[in-house]
Amino acid sequence: MKHTKFIAAVIAVGAVIGATGAIAKPGFGGKGGFGPRMSFEEMDTNGDGQVTKAEMKGLREARFATADANGDGKLTLAEMEAAAQARAKTRAAAMLERMDADKDGALSLDELPKPRRAGKMFDRVDANDDGAISKEEFESARAKFRGRFGGGHKPRAGAQDSETEQN
């Protein structure tokens, strides 16, 4: 049981580290996705077959140091933007390499991946099946999404929130 909890904890910590992709070293920890994907071997920096809290802390510190271009121990907006741009450039190059079927150095519309569930999602939001999404259907789907996933986003300034309108 302890082993299962440890593995779950390592996976959770890996996800947290992955969420810091904006300050990740370009190419560090794998390709694609929404952040770096690190293998167990990359997290096990001393190669002893176990990932410790100290190793996790070291990885976090290494990412921070990579983004901290001037070495002052603080991340400025410019440093964070530079790290994010470097990461985006690396991801875009990998995407081009992976999807460019004819190897012409550019992606055509046909080479882009097809949305896997876009049609299904549209059909779910279109509650009255009229082939269009009304503002009410949109707001209803948004409220359901917030309820299901915690609703961490606040509406933009000037945008009306259906939950607020109902109260």
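Refer to the structure presented above.
Below you will find a few notes about this structure. (Residues numbered from 1 in each chain as written. Predicted model: local features only at pLDDT ≥ 70, side-chain atom pairs only at ≥ 80, totals over all residues. Heavy atoms only, no water.)

### Focus: a nonpolar patch on the surface
Next, step 1: On the surface, a nonpolar cluster with roughly 330 Å² of combined accessible area is contributed by M95, L107, L109 and L112.
Next, step 2: For M95, the location among the structural elements is in helix α4 (residues 77-99).
Next, step 3: With relative accessibility at 32%, the residue M95 sits in the partly exposed group. (Patch = residues over 30% accessible without salt bridge, like charges linked within 9 Å, V, L, I, M, F, W, Y side chains within 5 Å. Areas by Shrake-Rupley, 256 points an atom, 1.4 Å probe, with all protein chains shown as cover. Salt bridge = Lys/Arg side-chain N within 4 Å of Asp/Glu carboxyl O. Helix = DSSP H or I, 4+ residues; strand = E, 2+ residues; numbered from the N terminus. Buried < 20%, exposed > 50% of the residue type's maximum accessible area, 1.4 Å probe, protein only.)

### Remarks on the pattern of salt bridges
Next, step 1: Counted by the stated rule, this structure contains three salt bridges.
Next, step 2: Of the charged contacts, one joins E139 and K135 as a salt bridge, the two residues approaching to 3.5 Å between their closest N and O atoms. Taken together, the residues E139 and K135, both in helix α6 (residues 135-149) and four residues apart, mark about one turn of the helix.
Next, step 3: The buried category is assigned to E139, whose relative accessible area is 8%.
Next, step 4: It is possible to trace a salt-bridge network through shared partners that takes in K135, E139 and R142.

### Quick notes on a positive patch on the surface
Next, step 1: Taken together, R116, R117, K120, R124, K144 and R148 make up a surface patch of like positive charges.
Next, step 2: Counting residues per element, the ones that place at least two in the positive patch are α5 (118-125) and α6.
Next, step 3: Locating R117 in the fold gives a position in the loop between α4 and α5.
Next, step 4: With relative accessibility at 58%, the residue R117 sits in the exposed group. (Lys, Arg positive; Asp, Glu negative; His and termini not counted. Charge placed at Lys NZ, Arg CZ, Asp CG, Glu CD.)

Any functional reading would require information beyond the geometric quantities listed.
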